[in-house]
Every structure is written in C-alpha cells, then in structure tokens.
Amino acid sequence: MLLLLLLLLASTVDGQAPQRVSGQKKNGACACDLNSTVWSFPAVKYEAVLQQIESCEGSLNNLQEQVQLSNQRLPQIQALVENMTARLEPHQYLHDQGLYSALSLRLLGQELSKLETDIGDIHSQLNNAQTQKLSKEMRKLRTDVDRVEMADTINMKTVKEKLRYLKNGAESCKSIPKDFRGQHRYCLKGLMTNISDPITTKVSPHGKSYISGSWGTQAQMNSEGQKNSYWVQTLFSSHILGNTLRVYQTYEDFMASAKHKDFTVVASYTHANAIEGPSAVLYGEGLFYHCYRSADICRYDLNSNTVKRVTLPGTGVGFNNKFPYCYYDCRANSDVDVEADETGLWALYATVGNHGNLVVSRLAWDNQAETLNVSQTWETRLFKKAVSNAFMVCGVMYATRYVDEYREEVFYAFDTATGKEDNSLALPLQKVAKGVASLSYNPTNRQLYMYNDGYLLAYQAHF
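Residues numbered from 1 in each chain as written. Predicted model: local features only at pLDDT ≥ 70, side-chain atom pairs only at ≥ 80, totals over all residues. Heavy atoms only, no water.

Draft legend 1. Here's a closer look at a nonpolar patch on the surface. Judged by side-chain polarity, Leu60, Leu63 and Val67 come together as a nonpolar surface patch covering roughly 270 Å² of accessible area. With respect to the helices and strands, valine 67 occurs in helix 2 (residues 43–88). (Patch = residues over 30% accessible without salt bridge, like charges linked within 9 Å, V, L, I, M, F, W, Y side chains within 5 Å. Areas by Shrake-Rupley, 256 points an atom, 1.4 Å probe, with all protein chains shown as cover. Salt bridge = Lys/Arg side-chain N within 4 Å of Asp/Glu carboxyl O. Helix = DSSP H or I, 4+ residues; strand = E, 2+ residues; numbered from the N terminus.)

Draft legend 2. How the structure looks around the pattern of salt bridges. Summed over all chains, the structure comprises 10 salt bridges. Note that aspartate 296 and arginine 309 form a salt bridge whose closest N and O atoms lie 2.9 Å from each other. Of this pair, aspartate 296 sits in strand 13 (residues 296–301) while arginine 309 sits in strand 14 (residues 307–311); the two residues are 13 residues apart in sequence, bridging distant segments of the chain. Aspartate 296 gets classed as buried once you look at its relative accessible area, which sits at 12%. Overall, the relative accessible area of 33% leaves arginine 309 in the partly exposed class. Glutamate 408 is the partner of lysine 431 in a salt bridge, and the nearest nitrogen-oxygen pair spans 2.5 Å. Of this pair, lysine 431 sits in the loop between strand 23 (427–430) and strand 24 (438–442) while glutamate 408 sits in strand 21 (residues 407–415), placing them 23 residues apart in sequence. By relative accessible area, which is 5% here, lysine 431 ends up buried. (Buried < 20%, exposed > 50% of the residue type's maximum accessible area, 1.4 Å probe, protein only.)

Draft legend 3. Region of interest: the pairing of strand 25 (residues 447–452). Where burial is concerned, most of strand 25 is hidden: six out of the six residues are buried. Covered by surrounding structure in strand 25 are Gln447, Tyr449 and Tyr451 together with Leu448, Met450 and Asn452, the residues of both alternating faces. Pairing of strand 24 with strand 25, which is carried by five bridges, proceeds in the antiparallel orientation. Among the inter-strand pairings, serine 440 is bridged to a residue of strand 25, identified as tyrosine 449. (Pairing = 2+ DSSP bridges.)

Draft legend 4. Focus on the nonpolar core. Met192, Phe391 and Tyr398 are the most contacted members of the largest nonpolar core, which has 23 residues in total. For this core, the elements supplying multiple residues, two or more each, are helix 7 (185–188), strand 19 (389–393), strand 20 (396–404), strand 21, strand 23, strand 24, strand 25 and strand 26 (455–462). What phenylalanine 391 contacts, discounting residues up to four positions off in sequence, is Met192, Glu339, Leu348, Val396, Met397, Tyr398, Thr400, Val410, Leu439, Ser440, Tyr441 and Leu448. In terms of nonpolar packing, the next biggest core, distinct from the first, is built from 20 residues, Ile240, Leu241, Ala274 and Leu287 among them. (Core = buried A, V, L, I, M, F, W, Y, C linked by side-chain atoms within 4.5 Å. Contact = heavy atoms within 4.5 Å.)

Draft legend 5. Here's a closer look at the layout of surface pockets. Taken as a whole, the second largest pocket encloses approximately 310 Å³ of empty space. Lining the second largest pocket are 20 residues; nearest its centre among them are Gln220, Tyr283, Gly284, Trp365 and Asn367. Of all the secondary structure elements, the ones that give two or more residues to the lining of the second largest pocket are strand 13, strand 16 (344–350) and strand 17 (357–366). The greatest single-element share of the lining of the second largest pocket, amounting to four residues, is contributed by strand 17. When grouped by side-chain class, the residues that make up the lining of the second largest pocket number six nonpolar, eight polar and six charged. (1 Å grid on protein atoms, 1.4 Å probe; cavity = no way out; pocket = protein on both sides within 12 Å on 5 of 7 lines; lining within 4 Å. Points joined across faces, edges and corners; volume = space filled by probe spheres on them. Nonpolar A, V, L, I, M, F, W, Y, C, P; charged D, E, K, R; others polar.)

Draft legend 6. Just empty space enclosed by the protein, in detail. For the structure on display, the rule yields one cavity of 30 Å³ or more. Roughly 50 Å³ of volume is contained in the largest cavity. At the level of elements, strand 5 (213–217) and strand 24 are the ones that each hand at least two residues to the lining of the largest cavity. Its residues placed into classes, the lining of the largest cavity shows six nonpolar, four polar and no charged.

Draft legend 7. Quick peek at the environment of glutamine 24. Mapped onto the elements of the fold, glutamine 24 is located in strand 1 (residues 24–26). Excluding residues within four positions of it along the chain, glutamine 24 makes contact with Ala29, Cys30 and Ala31.

Draft legend 8. Up close: unusual backbone geometry. For arginine 293, which is not glycine, the phi dihedral falls at a positive 50 degrees. Summarising the element assignment, arginine 293 is placed in the loop between strand 12 (286–290) and strand 13. Judged by its relative accessible area of 35%, arginine 293 is partly exposed. The residue cysteine 394 is not glycine, and still its phi comes out positive at about 55 degrees. Mapping cysteine 394 onto the fold places it in the loop between strand 19 and strand 20.

No statement about biological role is implied by the geometric values presented.
Here's what the structure looks like:
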C-alpha cells in the first residue's frame, strides 16, 4: 500500500509539465525567482487516495471471504448434484424407451371399446346418478377419439389421462359396496388427521442386523384363527428373500420373544413360492406375500402348508427391483407390496403401462374354491420410486416420503371410492433408524406397523 501511495505522490501534480525558470547572473552567481507552491505536499489528495486504498482493501477482504466460503460449499454442492444425478439415472430408461410417447390410435381404440362395454354393463345393473355420469363422459370421450381419427388435433396424453380417470371411476362403481363407508364410522370422517409417536418399540427377535422384513398382528376383522397373534417375517437372504414366518400367540409372548412357532413356507430361498421383498401380511389363516421373481401374489396356508397364487394385472408389472420404493434410498426388491384394511386385501405395485406410477389392485380370497383373485384395479399418477412406502386405510392408499434419519412424512392419498388424489398431506412419522423396509396398517386396532431397519415400531392412527 505504501509503494502505491509513493507512486501516486511522485506523479506529476495536476497533470502539469515540468517548470522552466530563467535566471540572472549576480555577484558571480545565478539568481532566479522560483514558485515553490507547485511542489507543496498534496495533503487533500493524499487523504482521498488513502480512503480509496482502504476501501479497496476492504472490498478485497470481503471478496476473499466469499471465495473461501464458496470453496467450502463447492464440495457440498458437487456431492448434491452427484446424488441427484445418481437418483435420476435409474429413471432414464423411461425416456430412452419412449414410455411417455403418445399411444397409437389403434391401441387406444381397443382400450376405449372395452371400457365402453364395462361401463354399459355397470350402468345396466346399477342405473344411478354416478353410472349415468360415467356413461355421459364415456360418450364424450368416444367423440373426442373419433375426432382424433379424422384429424390428429387432440393431445393424445390428455385423452389417455381422461381414459385413466374413467377406468378408475368404473372400478369404484362395480365392486365397492354401497354401504362400504358406513361399516366403520371412523372411515366416514375422511382422511387420517394424525399419527402418534411409536407406542411399541422393539428390536426384531432375529436381531437388528436383518434390516428387511415385515411384522404386525392378525389383520382380518373378526378372525377366528390366529386372533390375537403377532408375527414377524424376516428376509434372511441378502435382505431380499425369505422362507419362514414366526408367530406369537399373545402380545406378552411377542414382547418377551418367547413361546413362538416357526412356519417354513418353502424349503429354499429360490423356490418359486419363496418370499421376495418386505411385503407380507397375515390375514386369517394365510400369509399373503410377493412370490419369488414373478408378478404374482402368493397365499401360504398356515394349516395345510399349501400355496395359492394369482398374477397381478397390468402391462409390464414391475418385479425383481424394477420399481422398488425409493425416494431417498431404494429398498431392494420392494416392487410389490401387500396390504390389508377394513375392506380386505390389496396389492400396491407399478407397471410399465402406467409409466412406473403406483397401481392399486384389490385382492379376494375365496375360501370355498380356495382361489386367490384380483377383483379390481386403479391407476394413480404417483411415481412409485418417488415414495418411500405406502399402505391402505379405509380403501384409501397413503404414501410416505423420507424427511431425515428420524422422520418420515405421509404426503399423498388416493381414494379408491372416488378416484380422487390429495398430495397436500403432511402427517409426521417418527422412527429410530434411517430405512423403512415395510409400513402396514391393521384395521383390528387401527395401528401402523413399521419394520425400521431391524427395529419394530407401532403407531396409533387418528381420524
């Protein structure tokens, strides 16, 4: 700073040229008149330059602090970008394979014709205001599609979305009983309003090193067998596959890890009827789960040790880690999720035909014929890999997302009775570990059961 100041002061004052002075010889010497004010010390300018230098020095210090702060944050930002890139990479195939391209008119027409037949049959049976509305909307959609065939002026994706809406409406009409909502008064209150803190916290009886599985209590309302039983199904092979079920007859036995009974579903982890993914639910005398490497749901009978199965509907049903629960970290092989509520059994999964979005199918077990069937199916617009888990309550599917290591949040609901979606929910869920392997609702006590990386947590749902 001092060198800069000296250079400024040494420069020509006010931009003037050097002064030339003439003199006279007097007494053997040269005498001249000299105006020395030209070289007087520029105190005022000195102070101004000094202030500029101090201001410049302060600006440089601030800039240096910002550069240091940026250098510190740069690795964090880079790590965030790399994390987002890695999370988006698995979904790149949705673009590469053209899953979001427009449907062909021929396939759309075939789908529409089938839906027309279904809605016509439903209307002839029920003939109420809702079926009349569906029939009217169906006729309008047929007019739009006919117009597309004449001139491609209507957005095909808009037509496809309308078709999805009508299909969901038809499914709700044909198989949800009229008195469905009235069977349980709390279901009439609408969506869940709150979820308690964990009311039960316990390490898995097999140890917390086994981070994937499912657990709960008997889920069938008014069940005669296994009425008060608690069960744990742990995935022993690579946290992906299992073949056993542990059952406790009482809550006290469960908490004490005593007096249990183990069931062997199949002999090996790679058997066709082995358990894949954290998806099981004990309903009546059967354990329902996702069958090994397939698009099927299996039912293992605890009394006869037999297995029945049914294939889930949809084009390109995801399994073998194609559409697992993700959001933050993907839970391996959680493609197909079996759930239970007041209305019965459900399967939650995703299909290529629905662009990887969640599909909700209702399951029906026929005790007389001993067959497992799918009675109806709804398609949602919620991408399955964008949620951490999901469960059913009163015919409504709820989805969760990761908040942090100790919190999840219920943020989405899809009502199968109306086909309506709600993504404005914010119901917190406390947890003790980062990962959620499974989350299931039980209608017998209105509790939620979470398998939380080897910890077993239970919550009370409020309406």
